Amino acid sequence: MTKRSFIARVLFVCGLLSTCCIPAIAQSDYPNKPVKIIVPFPPGGTTDIMARISAEQLTKIFKQAFVIENISGGGGVIGAERGANAAPDGYTLVMTGVGQNAVAHGLDPNVKYDSLKDFVHISLIDLGPNVLVVNPDRPFKTLKDIVDYARANPGKLDYGYTYASSGHMAMELLRQATSTCADVKKKLNCNPLPLVGIPYRGGGPLMNAILANEIPIEFINQDAALPYVQAGKLRPIAVSSLQRNPLYPNVPTVAESGYPGFQALSWAGISAPKGTPKPVIDKLEAAMVQALQTPEVKQRLESVGFVVPTPGSAAYVSFLKSELDQWVTLIKKSGIKPE
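Residues numbered from 1 in each chain as written. Predicted model: local features only at pLDDT ≥ 70, side-chain atom pairs only at ≥ 80, totals over all residues. Heavy atoms only, no water.

*Asks:* What is the right way to look at the overall build of the chain in this model?
*Replies:* In terms of helices and strands, the chain carries eleven helices and eleven strands. In terms of its C-alpha atoms, the chain occupies a principal-axis envelope of roughly 95 × 40 × 30 Å. Within the chain, residue pairs in contact and separated by at least 24 positions form 75% of the contacts whose partners lie at least 6 positions apart. In the structure as shown, the chain presents an accessible area of about 16100 Å², 57% of it carried by carbon and sulfur atoms. Each charge class in the chain was averaged separately, 33 positive and 27 negative side chains, and the resulting centres sit 5 Å apart. (Helix = DSSP H or I, 4+ residues; strand = E, 2+ residues; numbered from the N terminus. Contact = heavy atoms within 4.5 Å. Areas by Shrake-Rupley, 256 points an atom, 1.4 Å probe, with all protein chains shown as cover. Lys, Arg positive; Asp, Glu negative; His and termini not counted. Charge placed at Lys NZ, Arg CZ, Asp CG, Glu CD.)

Okay, structure coming up:
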């Protein structure tokens, strides 16, 4: 071997080693610059609040800024797509949730990301029910009152909803659960509860509509409903979780109101683009597990009626698979079309 070829080989090997080592070094001191968390909704909503709680804790743990970027539109799909297509380096994370990562796949089979394949799911953050509420000027006191009235007056009872939200899905699930069937045993030739849906562009307009008595009933996140329930401006009828919610101890579940197994939850988690290095994901997962177990975070979530979920990646992926199956199946059965 000539001296020149030997030097060339040495330089080649050194180049390979330096190329391999640079990412490892970068991962070991992650994060060494601010990390962005995409929230696919406007500021002030439940997902945005959960993102800010998470960002605050991650900033404390890593001693590096985690900052929020709100990218709204398309029921969360636009922001989720942006997150899926971000550089997989750990410096862009995205808030994932029921609308954009479960419901969206039922409404649009051609959505431009796969919620199971195009993200690395770090941890679920919150779980909470929707609450079926009525304006107190309306006569309904129980779920049976609503069902009986709707059946006796088909097409004359309206409900409000925000398209593709967990509340929208909860109402569709209720309409199916309370359907009347020609063959009850085989559940054939069934007609869902004859309610009329009135769409609203966002939780704020939806809340204003029921407070103004423009619509009589709606499902809405329990944290959003709570202050109005406490002030007597809304009457809670039922919660959509399998167990009663601690902040609504006297409000029955839909399941115990005659529809066993009924469950429709609002939830959010934090994820990264596919291909994000495992050492980075491991760091983020450990940090989120730590954050969700702190008394401060548990108190903040539970104070507005959320359940602190089992943290970590494996639990989140398993939960997401079950949610995808439930809502894609329901949307197909209900014939809900994209708006």
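*Asks:* Would you explain helix H6 (residues 166-177) in this entry?
*Replies:* Note: α-helices contain 3.6 residues per turn, so residues at a spacing of three or four share the same orientation. Taking 1.5 Å of rise per residue, twelve residues should cover 16 Å, and H6 covers 16 Å from first to last C-alpha, within 8% of that figure. The element H6 is extensively covered by neighbouring structure, given that eleven of its twelve residues are classed as buried. (Expected span 1.5 Å × (residues − 1). Buried < 20%, exposed > 50% of the residue type's maximum accessible area, 1.4 Å probe, protein only.)

*Asks:* Can you help me understand the nonpolar core in this one?
*Replies:* The tendency in soluble globular proteins is for nonpolar side chains to be buried as a group. In terms of nonpolar packing, the biggest core is built from 42 residues, with Ile 217, Trp 267 and Trp 327 touching the most fellow members. Residue contributions to this core peak at seven residues, all from helix H11 (residues 313-334). Formed by 28 residues, the second largest nonpolar core is a distinct cluster that contains Met 50, Ile 125, Ala 287 and Met 288. (Core = buried A, V, L, I, M, F, W, Y, C linked by side-chain atoms within 4.5 Å.)

*Asks:* I would appreciate a short explanation of the state of the cysteines in the present structure.
*Replies:* In protein chemistry, a disulfide is the covalent bond that joins the sulfur atoms of two cysteines. Tallied over the entire structure, the rule returns one disulfide. With its sulfur 1.9 Å from that of its partner, Cys 181 forms a disulfide with Cys 190. The disulfide joining Cys 181 to Cys 190 has a torsion of about 105° about its S-S bond and is therefore right-handed. The class for Cys 181 is partly exposed, based on a relative accessible area of 21%. (Disulfide = S-S within 2.5 Å.)

*Asks:* What is the right way to look at the layout of surface pockets in this model?
*Replies:* Empty space among the atoms becomes apparent when a probe as large as a water molecule is rolled across them. Of the pockets and cavities examined, the second largest pocket occupies roughly 310 Å³. What lines the second largest pocket is a set of 13 residues, and nearest its centre among them are Gln 176, Ala 177, Ser 179, Lys 187 and Lys 333. Counting residues per element, the ones that place at least two in the lining of the second largest pocket are H6, strand E6 (180-183) and H11. (1 Å grid on protein atoms, 1.4 Å probe; cavity = no way out; pocket = protein on both sides within 12 Å on 5 of 7 lines; lining within 4 Å. Points joined across faces, edges and corners; volume = space filled by probe spheres on them.)

*Asks:* Teacher, can you tell me more about the pairing of strand E2 (residues 66-70) here?
*Replies:* Walk down a regular strand and you will see the side chains alternate between the two sheet faces. Pairing analysis gives five bridges linking strand E1 (residues 35-39) to E2, with the strands arranged parallel. Within E2, the residue paired with Val 35 across the bridge is Phe 66. Taken together, E1, helix H2 (residues 46-62) and E2 constitute a β-α-β crossover, and its handedness is right-handed. (Pairing = 2+ DSSP bridges. Right-handed = clockwise from strand over helix to strand, strands pointing away.)

*Asks:* It is not clear to me how empty space enclosed by the protein should be interpreted in this structure. Could you clarify?
*Replies:* All told, the structure shown has one cavity of 30 Å³ or more when counted by the stated rule. What the largest cavity holds in volume is close to 40 Å³. For the largest cavity, the full set of lining residues is Ile 53, Ser 54, Gln 57, Met 288, Ala 291, Leu 292 and Val 297. Only H2 and helix H9 (278-292) provide two or more residues apiece to the lining of the largest cavity. Residues of the lining of the largest cavity, tallied by class, amount to five nonpolar, two polar and no charged. (Nonpolar A, V, L, I, M, F, W, Y, C, P; charged D, E, K, R; others polar.)

*Asks:* Sorry if this is basic, but what is going on with the packing of H2 against helix H10 (residues 295-302) here?
*Replies:* Any two packed helices are characterised by the angle at which their axes cross and by the distance between the axes. Relative orientation of the contacting elements H2 and H10 amounts to 175°, with a least axis distance of 12 Å. Classed by the angle they form, the pair H2 and H10 counts as roughly antiparallel. Facing Met 50, Ile 53, Glu 56, Gln 57 and Lys 60 of H2, the residues of H10 in contact are Glu 296, Val 297, Arg 300 and Leu 301. Classifying every residue of the contact of H2 with H10 by side-chain character gives four nonpolar, one polar and four charged. (Axes fitted to C-alpha atoms, helices over the stretch in contact; angles between N-to-C directions. Parallel < 35°, antiparallel > 145°, perpendicular 65-115°, else oblique.)

*Asks:* Would you mind showing me how to read the side chain of Asn 101 here?
*Replies:* Position of Asn 101 among the secondary structure elements: in helix H4 (residues 98-107). Asn 101 has contacts with Thr 96, Tyr 113, Ser 115, Phe 119, Leu 320 and Leu 324, leaving out every residue within four places of it along the chain.

*Asks:* So what exactly am I meant to see when it comes to the pattern of salt bridges here?
*Replies:* This model, assessed by the stated rule, comprises eleven salt bridges. In this structure, Lys 36 and Glu 69 form a salt bridge, with 3.1 Å as the shortest nitrogen-oxygen distance. Taken together, the residues Lys 36 in strand E1 and Glu 69 in strand E2 connect sequence positions 33 residues apart. Classification of Lys 36 by relative accessible area gives partly exposed; the value is 29%. Within this structure, Glu 56, Lys 60, Glu 296 and Arg 300 form a network of salt bridges that share partners. (Salt bridge = Lys/Arg side-chain N within 4 Å of Asp/Glu carboxyl O.)

*Asks:* Sorry if this is basic, but what is going on with unusual backbone geometry here?
*Replies:* When glycine is set aside, most residues are seen to have a negative phi, and most peptide bonds are trans. In the segment running from Tyr 30 into Pro 31, the intervening peptide bond is cis, with an omega of -10°. Within the secondary structure, Pro 31 is located in the loop between helix H1 (3-28) and E1.

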